[in-house]
Amino acid sequence: MGDMTNSDFYTKNQRNDSNHAGGFGCSLMELRSLMELRGTEAVVKIQEDYAGVEGLCQRLKTSPTEGLAGDAIDLDKRKEVFGQNLIPPKKPKTFLQLVWEALQDVTLIILEIAAMISLGLSFYQPPGEGSESCGTANAGAEDEGEAEAGWIEGAAILLSVVCVVLVTAFNDWSKEKQFRGLQSRIEQEQKFQVVRGGQVIQLPVSDIVVGDIAQIKYGDLLPADGVLIQGNDLKIDESSLTGESDHVRKSADKDPMLLSGTHVMEGSGRMVVMAVGVNSQTGIIFTLLGAGGEEEEKKEKKDCSHPSSHPIATIATDGAASANAPGNTSLVNGKMQDGNMENNQTKVKKQDGAAAMEMQPLKSAEGGETDEKEKKKANVSKKEKSVLQGKLTKLAVQIGKAGLVMSAITVIILVLYFAIDNFVLQKRPWLPECTPVYIQYFVKFFIIGVTVLVVAVPEGLPLAVTISLAYSVKKMMKDNNLVRHLDACETMGNATAICSDKTGTLTTNRMTAVECFVADVHYKEIPDPSSIPAKTLETLVNAISLNSAYTTKILPADKDGGLPKQVGNKTECGLLGLVLDLKRDYQTVRNQIPEEKLYKVYTFNSVRKSMSTVIKLPDGNFRMYSKGASEIILKKCSFILNEVGESRAFRPRDRDEMVKKVIEPMACSGLRTICVAYRDFSGDPEPNWDDENNILTELTAICVVGIEDPVRPEVPDAILKCQRAGITVRMVTGDNINTARAIAIKCGIIHPGEDFLCIDGKEFNRRIRNEKGEVEQERIDKVWPKLRVLARSSPTDKHTLVKGIIDSTLVDQRQVVAVTGDGTNDGPALKKADVGFAMGIAGTDVAKEASDIILTDDNFSSIVKAVMWGRNVYDSISKFLQFQLTVNVVAVIVAFTGACITQDSPLKAVQMLWVNLIMDTFASLALATEPPTESLLMRKPYGRNKPLISSTMTKNILGHGVYQLIIIFTLLFVGEQIFDIDSGRNAPLHSPPSEHYTIIFNTFVMMQLFNEINARKIHGERNVFEGIFRNPIFCSIVLGTFAIQIVIVQFGGKPFSCSPLDLEKWMWCVFLGLGELVWGQVISTIPNSKLRFLRGAGRLTQKDEMTAEEEMNEDQEEIDHAERELRRGQILWFRGLNRIQTQIEVVNTFKSGTSFQGALRRQSSTTSQNQDVTNVSSPSHVSLCNALSSPTSTAAAPSGQC
């Protein structure tokens, strides 16, 4: 297939080659082959064929410094010749495909077959029709002259199946549309810095063309292939393409090739874009994987059940999904999901062969998918199921088993009863001409059995969950939460701990210099430039202007009277602000020494915690400017500039004094302290710049600046809400401990006089590591419960802390941890956490990639909104369950006992389908869209071990169930006397619908309708109507269902087995339904404490009977062999019973949220690692994430390679 693709490309591009690419000096194919070279080979090729990078730029008609002119005609021409920076998305599923998928549901298939048989038999007129010898078979049907109407029931069942299928398909379709919208939003957010016409501008990634000059910096995800023009200390993580975890050094003279989809881990630079979209290295891989449209279609024709195209799988490609994102997916997102995307694609293709075995017994595309997901889930190191998901899967499996047993018993009892009654008691012989009549009976029994099963299985459940999540995700966008993985939304509701960054999340991330120590004077506010020695001032201005990223700028305010706009690194903006406050202009200094004239740059990274720039002076000597955290730089200073601008010795004693008198007071008032220094080197001999330890010493301190980053005004209130809701907020920051403590007090994370820990990274490591330097869980357990502030922490510390809290067995509930991060180095911690929040504004691409939710406003209070929505999802599902289980319990018992006592279910198959599927679908919509209220934040998190169905809910389910059963059995057995109508019991085959059974059906539906209102409250509240008008969807659905019910009863006739009722009987039905509301008040009066047995029931309903050992596993989240076996057992069990599709759907609905989730999620067990090895046989570009999914290598690769 690969060859085919390439040949397609060659033919497409032949015309371009002939006229040398529309006037450009090199063709598409030349550039493609050039980008396949690496290292010195590439350097030689560029030198020989193009006379270096400048020559290459000339041929591409671009300037290395000014970039493209940016006129529209030129840009369009480039797009035409070299392609756009897009990977064509995969076509979404058509509505018909979704209909076909919905038809695969096993229960529906059984019903379809039963209906067909019933239809066939109703048209067949057997010879023995009239003879009495066939017993009770047809008595009554002829009298009514309605034998011909026998086909109606079969047809009605088929019709309702069609309805159900259309509703399901429509839901899937709208769901897919929503997810695509979400993805396109994620994609539009991706912008990149490009130089056009000498100006640095931010462009959407899809607008980048060949010949653009792109500025790259630490934390970027490269959007296209290019050649480095100039770089400072550039290191790239190419693992997503090569699988090599070591960072690759890039420089213009040794290895200038930069590839799309790779991450910039250190440094900065500029590159000229050489290949975009399907022609870039990742694009080529993608095309080979058939993500490009045409091959996909050919493939799909060959392989109809294309498993990866399940609707929900869209979001699963790690949120930014571009293989199936809408419209023009900008290349960057798709292909790069950390290489995961490619993995998934490859796995999907492999599946055609490898999983064919897997899929045979399943018959349905969906089943196959579950299996594949099962594999993928093990494959991508497994993030264990979210709380709700685990509980729901268990519940659905149990309900399914119970339903199957009930329906089997029903059929057996009916058949035996009929046989014994006819052949034993009445001693009738089995006559050949009566066979069709008997078969017709058996088919009727079979349909009743299937109906019981249909009612028992809660199809509405996956739908409720999906609707609830999709609705919440949509609404969360308004609250500045961009959810990338669906289940993160619900996990957030169970969060017990939040580890938050300080800068930008708790603070405004607008840095302003407010104090400084310069020329031996500590100024409490920015001094007048005249009070500083001229020489010192000049050195200071140069040190700040040159030794900061040239992309960092302060621009005039957008609005009059607004604050100036800070672009780039905010700390550097604070320093540049200081230069402006000293009435100097940094831009003029930068213009004298443009970026390419900088001799050597040591960029900032988490190890150095400083940045240094070397410039060559006119006399041939060198000067290096440094800036960084004050305590780190001061340790390297041997001199300091005094009050007249001369340097004097700076001894350790002076340093200690300075720390005490200057740095600590600044830090205690919550300021960030930055030290600026310099050092001169002689140019002969030139120093060895790679020997960092000897270069970064003997510096001369110029000044120490105190930079203020004020706390966001809404943060203290948000943190108070978290603490009330039972969530502990911890601050993890790279800042000085005094600064961190001061900010923590302002935020309300710590209150003076409480017993808590504020420690720095050094102390933290001393406490948690043993003599050998290994982290020990017991030691972490002594630290984390009281820890509130962790200062001067490295990314590894953050990861260790998160892992320590998650793995801790100190408390009965396993902690659910949310983490916020913005830097590339936060990647591992974001992946490890249950929910990772990345900053939408300040966050790097790498951090966004690793996260589950992106905070579009970088604000801590948005996290509180996420908690509220998460809890709301959990509550919505519980409301729906409470309603659904009441319907199920009652309907199953009625159908079962009715069938056993009267040989005919009081609720007919079609009625059951209406009650079950249509009402469930509507109810799930109505109950899943309840808006959240502040009261959700007034309780503690539910935790993992609490049963899904609380004792209050069990009380409600049983209480309402009892009421409904009493009413229905009363109507069934004495209803005809009460209403003075003909009895509908023991009606023969094909008899017309009776008023008696219509009343039962109508009352049943009315009771469900009013119980739906009861189900709005699950914590035993009295007022079930509270806030009902805030949810218009709920009101319209209740009224709508009521209207349809009137139509069904009055005009449904034979298909719905309904006979029209007069007003009085209608009033009775509604009255009995209203009784539900009164009865609900009675139930909530009974205190739970009186019903001790309910506690057990709650657990039982959740079917969570675990052995003690397993309970331990659950707590520690080590989902090991035992549980995997248990799950596999269940899957095999299902397969044997043809896989009760609904449960699978529940599992699917959820898995797809997590299944491909960016690897490096929760490590769970050795099994998942072994599977990593067996399943990943995709080509060489397999994402490193797989390799990293074993804990050992995670530890070895802390700096966020994955």
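Residues numbered from 1 in each chain as written. Predicted model: local features only at pLDDT ≥ 70, side-chain atom pairs only at ≥ 80, totals over all residues. Heavy atoms only, no water.

A.B. asks: Whenever I open this one, the overall build of the protein confuses me. Can you help?
C.D. replies: Check the secondary structure of the protein and you find 46 helices and 28 strands. Within the protein, contacts between residues separated by at least 24 positions form 77% of all contacts whose residues are at least 6 apart in sequence. Working note: accessible area of the protein is about 44,800 Å², and carbon and sulfur atoms make up 59% of it. (Helix = DSSP H or I, 4+ residues; strand = E, 2+ residues; numbered from the N terminus. Contact = heavy atoms within 4.5 Å. Areas by Shrake-Rupley, 256 points an atom, 1.4 Å probe, with all protein chains shown as cover.)

A.B. asks: Which parts of the structure should I look at to understand the packing of helix α27 (residues 715-724) against helix α34 (residues 860-902)?
C.D. replies: Helix packing for two helices is described by the angle between their axes and how far apart those axes are. Direction vectors running N to C along α27 and α34 enclose 30°, while the axes themselves pass 8 Å from each other. Taken together, the axes of α27 and α34 are roughly parallel relative to one another. Taken as a pair, α27 and α34 cross one another with a handedness that is left-handed. Two secondary-structure elements touch here, α27 through V715, A718, I719, K721 and C722 and α34 through F860, S861 and V864. (Axes fitted to C-alpha atoms, helices over the stretch in contact; angles between N-to-C directions. Parallel < 35°, antiparallel > 145°, perpendicular 65-115°, else oblique. Left-handed = near helix turned anticlockwise from the far one by under 90°.)

A.B. asks: Looking at this model, I keep getting lost on the environment of V452. Mind explaining?
C.D. replies: Following the sequence through the fold, V452 ends up in helix α18 (residues 435-456). On the basis of relative accessible area, V452 is assigned to the buried category, the value being 0%. Spatially, the C-alpha atom of V452 lies 7.3 Å from that of M406, the residues being 46 residues apart in sequence. Not counting residues up to four positions away in its chain, the partners in contact with V452 are M406, S407, T410, V892 and A895. (Buried < 20%, exposed > 50% of the residue type's maximum accessible area, 1.4 Å probe, protein only.)

A.B. asks: What's the story with the nonpolar core in this structure? I'm lost.
C.D. replies: General note: in soluble globular proteins, nonpolar side chains tend to be found buried as a group. Formed by 116 residues in total, the largest nonpolar core has its most connected members in M492, I749, F837, F860, L881 and F1001. Here the element with the most residues in this core is α34; it accounts for 20 residues. Residues within four places of L881 in sequence aside, it is in contact with L392, L395, L461, L948, I949 and M953. Grouped together as the second largest cluster of nonpolar side chains are 45 residues, L34, F82, A275 and V276 included. (Core = buried A, V, L, I, M, F, W, Y, C linked by side-chain atoms within 4.5 Å.)

A.B. asks: What should I look at first to understand the pairing of strand β26 (residues 817-821) in this one?
C.D. replies: Look at any regular strand and the pattern is simple: side chains alternate between the two faces of the sheet. Counting buried residues in β26 gives five out of five residues, a clear majority hidden from the surface. Of the two faces of β26, the one carrying V817, V819 and G821 and the one carrying A818 and T820 are both buried. As paired strands, β26 and strand β27 (residues 835-839) are joined by four bridges and run parallel to one another. Counted as the bridge partner of G821 is A838 from β27. Each parallel crossover has a hand, and for β26 linked through helix α32 (residues 827-832) to β27 it is right-handed. (Pairing = 2+ DSSP bridges. Right-handed = clockwise from strand over helix to strand, strands pointing away.)

A.B. asks: Just to check I follow, could you spell out the sheet that holds strand β10 (residues 481-483) for this structure?
C.D. replies: Note on sheets: strands pair through backbone hydrogen bonds, and any given pair is parallel or antiparallel. Spatially, the eight strands line up as an open sheet ordered β10-β28-β27-β26-β11-β23-β25-β24, and their pairing is mixed. The sheet terminates laterally at β10 and β24 (757-760), the two strands that pair on one side only. Looking at each pair of strands side by side, their axes are set apart by 20° on average, direction ignored. Strand direction decides the pairing type here: strand β23 (residues 728-732) and strand β25 (residues 787-791), joined by two bridges, are parallel. Bridging across to β25, V732 finds its partner in L790.

A.B. asks: Would you explain a nonpolar patch on the surface in this entry?
C.D. replies: Judged by side-chain polarity, F95, V162, L166, F170 and W173 come together as a nonpolar surface patch covering roughly 450 Å² of accessible area. Broken down by element, the nonpolar patch gets its largest block of residues, four residues, from helix α9 (residues 151-188). Position of W173 among the secondary structure elements: in helix α9. The partly exposed category is assigned to W173, whose relative accessible area is 34%. (Patch = residues over 30% accessible without salt bridge, like charges linked within 9 Å, V, L, I, M, F, W, Y side chains within 5 Å. Salt bridge = Lys/Arg side-chain N within 4 Å of Asp/Glu carboxyl O.)

A.B. asks: Explanation requested: the packing of aromatic side chains in the structure shown.
C.D. replies: Between two aromatic rings, the relevant description is the distance of the centres plus the angle of the planes. Inspection of every chain in the model, using the stated rule, returns 20 aromatic pairs. Look at F979 and W1068: their rings are 6.4 Å apart centre to centre, the planes differ by 80°, and that puts the pair in the edge-to-face class. Note that F979 is positioned in helix α36 (residues 951-979) and W1068 in helix α39 (residues 1063-1085), a separation of 89 residues in sequence. The ring of F24 has K77 lying over it, and the distance from NZ or CZ to the ring centre is 5.5 Å. (Phe/Tyr/Trp six-rings, centres within 6.5 Å; stacked < 30°, edge-to-face > 60°. Lys NZ or Arg CZ within 6 Å of the ring centre and 35° of its normal.)

A.B. asks: What should I look at first to understand the side chain of T552 in this one?
C.D. replies: Within the element layout of this structure, T552 appears in the loop between α21 (534-546) and β14 (553-555). Overall, the relative accessible area of 1% leaves T552 in the buried class. Polar contacts involving the side chain of T552 include one to the side chain of E572, which spans 2.8 Å. (Polar contact = N/O pair within 3.5 Å; in protein donor to acceptor, adjacent residues only side chain to side chain.)

A.B. asks: Hey, could you run me through unusual backbone geometry in this one?
C.D. replies: Among all residues except glycine, the phi angle is most often negative; among peptide bonds, the trans geometry is most common. Look at the link from D684 to P685: it is a cis peptide, with omega at -5°. For D233, which is not glycine, the phi torsion reads 55° and is therefore positive. Structurally, the position occupied by D233 is in strand β5 (residues 225-237). Note on D233: relative accessible area 9%, which makes it buried. In this model, N509 sits at a positive phi of 60°, which is unusual for a non-glycine residue. Within the secondary structure, N509 is located in the loop between β11 (497-500) and β12 (512-518).

A.B. asks: In this structure, what is going on with the packing of α21 against helix α22 (residues 570-581)? I would like to understand it.
C.D. replies: Closest axis-to-axis distance for the α21/α22 pair is 9 Å, and the angle between their directions is 145°. Crossing of α21 against α22: the hand is left-handed. Counting all contacts with α21, which are made through V541, I544 and S545, the residues of α22 involved are L575, L576, L578 and V579. Classifying every residue of the contact of α21 with α22 by side-chain character gives six nonpolar, one polar and no charged. (Nonpolar A, V, L, I, M, F, W, Y, C, P; charged D, E, K, R; others polar.)

A.B. asks: Just checking my understanding: could you explain the pattern of salt bridges for this structure?
C.D. replies: For side chains of opposite charge, pairing can occur when their charged atoms come near one another. Summed over the entire model, instances satisfying the criterion amount to 37 salt bridges. The residue D255 makes a salt bridge to K250 at a minimum N-O spacing of 3.1 Å. Here the two residues D255 and K250 agree in accessibility, since each one is buried. Two residues, E631 and R792, come together in a salt bridge whose shortest N-O distance is 3.0 Å. Here R792 lies in the loop between β25 and α31 (795-807) and E631 lies in helix α24 (residues 630-635), a separation of 161 residues in the sequence. Given the relative accessible area of 19%, R792 is considered buried. Salt bridges here are not isolated pairs; linked through shared partners, they connect D233, R249, R608 and E692.

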